[in-house]
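Observations on chain architecture
In case you want the letters, here they are:
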Amino acid sequence: MVKDLRIKFFLLLIAVSLVALSSALLLRELMLSDFRKYLEGEMEDRVYWVTASMESAYEKYSGWEEEKVSEDIVWALMLGFRARLYDTDGVLIIDTEGAVKALSPLIKKRVAAISELMETVGSDRYVPYTLFLGGREIGQLDVSPLRPKKEDVFIHRSDTMLFLSLLLLGGSSIILSLVFSKKLTSPLKRLTEGVTAIREGNLKKRVAITGKDEISRLSEAFNMMARTLQTQESLRKKLTSNIAHELRTPLSIVRGELEGMMDGFIPMDKEHLESLYDEIGRLRNIIERIEDLAQAEASILTLRKQRFELMPFLNNIAERFGKTFQDKGVGLEVRCEEGLVANADPERLSQVVLNLLNNALNASGSGGRVLISAERKKEEIVLKVTDNGSGIKEENLPFIFERFYRGRDGGLGLGLAIVKELVEAHSGRIEARSEYGKGSTFTVFLPH
């Protein structure tokens, strides 16, 4: 059983080529058969011309006159067949040889030259044709067809051309089958090698993309998958390292204080117990934020989208957050197009806005202002959170959506990573613009 896909393609192409070549041979036989039938029909017409002429001569001269019918016999030779004329008693009146001998030397030479271009079809078999006049039998004409040699030349040349064509096409078919079978299977072979490499842990493996067909699109999808896996693996390692780093500090503090209490160097008073409590709270906060990030990454599977108006939605968030802003002396304003409707998960979108507002509040000092705005542009809803706070340094701006990135002291660096995951779960995107010392603008684009 053939298992190699390349050999299967090769055999398939060879089979198609053989079918095409067989069709050519069949077509040749059909054409030759029709050609021969056409010639036979032509010959029958010529015989009837000659018999009609002889019957007319018999009527004109009231019998058979050898000299008169010899012209018809010669004419028959010129038309492509030998002839023998018999009377009703079966006596030979004249045949082709006799008619030719009776010709003048010049005419005989020309007739001989023409007859040399013909050959007998099969054997010297003669076919009888009875001659009639007024319903009465007057004699019999036997004819033996001759075939012009040019017909054989035509058939021979046709066969030669067909043979050369079959040889050329057959050789070309084999060569093209080899080329195309390799061309078709090479990308699949590269994909197989790529999948094997990924399975063995080589996430850097990529396959070459050639052309714009389905296999090239499959190769492109494979490369995108490999890049995604490589990115996810890198993020997983980074996340593991960052989590270990974040957890190590409070755990070290808790362990150090507990060891101090056990050794009697640190008193077990309220102050030190509160310190332990704070560090445990920090651990809990880290775990909760990591859990929020995991939920955000999986939110594409759990989104509960619905259509709702943005203005009351944003006003409600502003009211809930209003006192916190007021206590810090930061103004909060909402601007939204009237009747603007979003198609999103209200809970997840609320989480996005709250994270952005919390960042804006932390970046703003007393007297600062924060603006939430929403509008529709083409087929997208554009949601912005703008502040005039401390801003973000230009060199830090490309990294603010990465996990555990912290541009300022405090926090875990997970808030914007969660926002990005939630926005992308809605098939949207988020952008940030900032000028250090003058403020920042975070823009969320959601499909309408």
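See the structure above.
What this report covers is the structure whose coordinates are included nearby. Just so it is clear, the structure is predicted and the values come from calculations on it, not from any experiment.

**What about the sheet that holds strand S12 (residues 439-447)?**
Sheet architecture is open: five strands sit in the order S7-S9-S10-S12-S11, paired in mixed fashion. Edge positions in the open sheet fall to strand S7 (331-336) and strand S11 (429-435), since each of these has one partner strand only. Ignoring strand direction, the axes of neighbouring strands in this sheet form an average angle of 15 degrees. Sheet topology places strand S9 (residues 369-377) next to strand S10 (residues 380-387); eight bridges connect them, and they run antiparallel. Counted as the bridge partner of Val-370 is Asp-387 from S10. Along the sheet face, helix H9 (residues 310-328) touches S7, S9 and S10 and points at about 180 degrees away from the line of S7.

**Side note on unusual backbone geometry**
Among all residues save glycine, negative phi is the norm, and among peptide bonds the norm is trans. Look at Ser-62: it is not a glycine, yet its phi comes out positive at around 55 degrees. You will see that Lys-378, though not glycine, has its phi angle at about 55 degrees, which is positive. Examined against the element boundaries, Lys-378 turns out to sit in the loop between S9 and S10. Judged by relative accessible area, Lys-378 falls into the exposed class, the value being 77%.

**With respect to the packing of H9 against helix H10 (residues 346-363)**
Contact geometry for H9 and H10: axes closest at 11 Å, N-to-C directions at 30 degrees. By the angle between their axes, H9 is roughly parallel relative to H10. Handedness of the H9/H10 crossing: right-handed. Side by side, H9 and H10 meet where Leu-310, Phe-313, Leu-314, Ile-317, Arg-320, Phe-321, Thr-324, Phe-325 and Lys-328 of the first sit next to Pro-346, Leu-349, Ser-350, Val-353, Leu-354, Leu-357, Asn-358, Leu-361 and Asn-362 of the second. Here the residues of the contact of H9 with H10 are counted per class, giving 12 nonpolar, four polar and two charged.

Each value, and the rule that gives it
Residues numbered from 1 in each chain as written. Predicted model: local features only at pLDDT ≥ 70, side-chain atom pairs only at ≥ 80, totals over all residues. Heavy atoms only, no water. Pairing = 2+ DSSP bridges. Helix = DSSP H or I, 4+ residues; strand = E, 2+ residues; numbered from the N terminus. Axes fitted to C-alpha atoms, helices over the stretch in contact; angles between N-to-C directions. Contact = heavy atoms within 4.5 Å. Buried < 20%, exposed > 50% of the residue type's maximum accessible area, 1.4 Å probe, protein only. Parallel < 35°, antiparallel > 145°, perpendicular 65-115°, else oblique. Left-handed = near helix turned anticlockwise from the far one by under 90°. Nonpolar A, V, L, I, M, F, W, Y, C, P; charged D, E, K, R; others polar.

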